[in-house]
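Summary of structural features
Here are the chains, one letter per residue:
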Amino acid sequence: LDGLLIGALLAVLLESPEKKAIIGRFSAVATIAFALVFVGIRVGFGLRFTTEAHSSILYNVGVYPLVALGCAGLVAYVLTHGESVLARLLSSRPVVFLGSISYGMYLYQVPILEIVVRATGLTGRLAFFIDLPLTILLSWVSFKFYEQRLIIWGKSQAHLMRRSVELRAGTT
């Protein structure tokens, strides 16, 4: 929840031109600082990417919020420095494509990996090379024929609701 809260707060703050200017000035430094603290904690405590470490109090109270703040700093930097190399990289067609199908990738990757492992007996990296293209393909199909249509429908409904409110309020 802390990541969601931090992202929502960032979105609200970026609506103000004054706050956006301040955020833009400090976003790069803040991102680097959070990354260094994260690495320092990881090295200092010898934490590995394990289930036990991820469920520890240190992770839940310290590391996860740091990751959320670091990601928010990175997003803030990209949004306030639109001509930066990083912003251009994240605006490239392949990255934008992966972003548009990312929800499907989130939903389908684990079930597809499970099917690949059970059907082929492969594990780890070998299964990944079969799983990844299948996940991308299914995510694209889902986006193209399902999600996009829902997005268009949702936007049309929002427009109708806005128009209805404007008519009731007497503003057109």
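Conventions used here
Residues numbered from 1 in each chain as written. Predicted model: local features only at pLDDT ≥ 70, side-chain atom pairs only at ≥ 80, totals over all residues. Heavy atoms only, no water. Axes fitted to C-alpha atoms, helices over the stretch in contact; angles between N-to-C directions. Helix = DSSP H or I, 4+ residues; strand = E, 2+ residues; numbered from the N terminus. Parallel < 35°, antiparallel > 145°, perpendicular 65-115°, else oblique. Contact = heavy atoms within 4.5 Å. Nonpolar A, V, L, I, M, F, W, Y, C, P; charged D, E, K, R; others polar. 1 Å grid on protein atoms, 1.4 Å probe; cavity = no way out; pocket = protein on both sides within 12 Å on 5 of 7 lines; lining within 4 Å. Points joined across faces, edges and corners; volume = space filled by probe spheres on them. pLDDT = per-residue confidence, 0-100. Buried < 20%, exposed > 50% of the residue type's maximum accessible area, 1.4 Å probe, protein only. Lys, Arg positive; Asp, Glu negative; His and termini not counted. Salt bridge = Lys/Arg side-chain N within 4 Å of Asp/Glu carboxyl O. Polar contact = N/O pair within 3.5 Å; in protein donor to acceptor, adjacent residues only side chain to side chain. Expected span 1.5 Å × (residues − 1).

1. Regarding the packing of helix α6 (residues 93–100) against helix α8 (residues 124–169)
Between two packed helices, what matters for the description is the angle formed by their axes and the separation of those axes. Relative orientation of the contacting elements α6 and α8 amounts to 70°, with a least axis distance of 9 Å. Our classification of the angle between α6 and α8 gives roughly perpendicular. Counted together, F97, L98 and S100 of α6 and I136, W140, F143 and E147 of α8 form the full contact between these two elements. Split by residue class, the contact of α6 with α8 holds five nonpolar, one polar and one charged.

2. Quick notes on the layout of surface pockets
Over the atoms a probe the size of a water molecule is rolled, and this reveals where empty space is left. Here the largest pocket defines a volume of roughly 250 Å³. Put simply, the parts of the chain that give the lining of the largest pocket at least two residues each are α1 (2–13), α2 (17–45) and α4 (57–80). If you tally residues by element for the lining of the largest pocket, the top one is α2, at five residues. Looking at the lining of the largest pocket residue by residue, the classes come out as eleven nonpolar, two polar and no charged.

3. Describing the confidence of the model for the protein
Taken over all residues, the pLDDT of the protein has a mean of 86, while the share at 70 or more is 91%. The secondary structure element of the protein with the lowest average pLDDT is helix α3 (residues 51–54), at 57, and the one with the highest is α6, at 94.

4. Remarks on the side chain of D131
Along the chain, D131 turns up in helix α8. Of the side chains with opposite charge, R125 comes closest to the buried, unpaired D131, at an N-O distance of 12 Å. In terms of polar contacts, D131 uses its side chain to reach the side chain of Q109, at 2.8 Å. The contact partners of D131, leaving out residues within four places of it in the chain, are Q109, I112, L113 and V116.

5. A look at α8
Over its 46 residues, α8 runs only 59 Å from end to end, short of the ideal 68 Å by more than 12%, given 1.5 Å per residue. Within α8, the full set of buried residues consists of A127, D131, T135, S139, S142, F143 and E147. Buried positions along α8 lie against α6 and α7 (102–120). Positive phi shows up at G170, right after α8, with a value of about 85°.

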